[in-house]
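Here's the letter readout for the chains.
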Amino acid sequence: MDYRRFGNKIIARIDKGEEILEKIKEISLKEDIRLAEVTALGAINDSRPGCFKTLEKKYDSNDFKGNFEIVSLTGTINYDGRLFLHPYPYERRQ
């Protein structure tokens, strides 16, 4: 992974084989990001898209193996005592 900051924007390149959410988490913690919007394009090999079931209050996901184009990837970063990369929560480590 490589990333650069341009004012209040960060542009990152995540390399093949690197896990997208883990790299976004790494940048978020390193740059002390408290609130942000994430957008991306590119390609991935394996995927686990999920959907939040509101009545059950849990995520349901499916695993897909192969080569896939990212047509649209959007998300959020929110830090309020815990780091949240939508849709998965991460505990912030000091």
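As a reminder, the structure under discussion sits directly above these lines.
Throughout what follows, the structure given in this document is the object of discussion. The model shown is predicted, which means the values in this text are computed figures rather than measured ones.

1. Here we look at the pairing of strand β5 (residues 58–61)
As judged from the four bridges shared by strand β4 (residues 50–53) and β5, these two strands associate in the antiparallel manner. For G50, the partnering residue across the bridge sits in β5 and is S61. Linkage of β4 to β5, two consecutive antiparallel strands, is achieved through a turn of four residues, within which K57 is found at a positive phi near 55°.

2. Focus on helix α1 (residues 20–30)
Residues L21, K23, I24, K25, I27 and S28 constitute the buried set of α1. Looking at where α1 begins, the residue whose side-chain oxygen comes 2.9 Å from the main-chain nitrogen of L21 is E19.

3. Observations regarding the packing of aromatic side chains
Counted according to the given criterion, the structure contains two aromatic pairs. Measuring from centroid to centroid gives 6.5 Å for F64 and F68, while their planes differ by 75°, and the two rings are edge-to-face.

4. Some thoughts on unusual backbone geometry
Located in the positive-phi region is D32, a residue other than glycine, with phi close to 55°. Among the residues examined, D32 registers a relative accessible area of 36% and is labelled partly exposed. Positive phi outside glycine occurs at K57, with the angle close to 55°. With respect to the secondary-structure elements, K57 resides in the loop between β4 and β5.

5. Thoughts on the nonpolar core
For soluble globular proteins, nonpolar side chains are generally found buried alongside one another. Of all hydrophobic cores here, the largest spans ten residues; its members are Y3, L21, I24, I27, I33, V38, I77, Y79, L83 and L85. Where this core is concerned, the elements lending two or more residues are α1, β6 (64–79) and β7 (83–85). A per-element tally of this core places α1 first, with three residues. Leaving out residues up to four positions away in the same chain, I27 has contacts with M1, Y3, I10, A12 and I33.

Cut-offs and rules
- Residues numbered from 1 in each chain as written.
- Predicted model: local features only at pLDDT ≥ 70, side-chain atom pairs only at ≥ 80, totals over all residues.
- Heavy atoms only, no water.
- Pairing = 2+ DSSP bridges.
- Helix = DSSP H or I, 4+ residues; strand = E, 2+ residues; numbered from the N terminus.
- Buried < 20%, exposed > 50% of the residue type's maximum accessible area, 1.4 Å probe, protein only.
- Polar contact = N/O pair within 3.5 Å; in protein donor to acceptor, adjacent residues only side chain to side chain.
- Phe/Tyr/Trp six-rings, centres within 6.5 Å; stacked < 30°, edge-to-face > 60°.
- Core = buried A, V, L, I, M, F, W, Y, C linked by side-chain atoms within 4.5 Å.
- Contact = heavy atoms within 4.5 Å.

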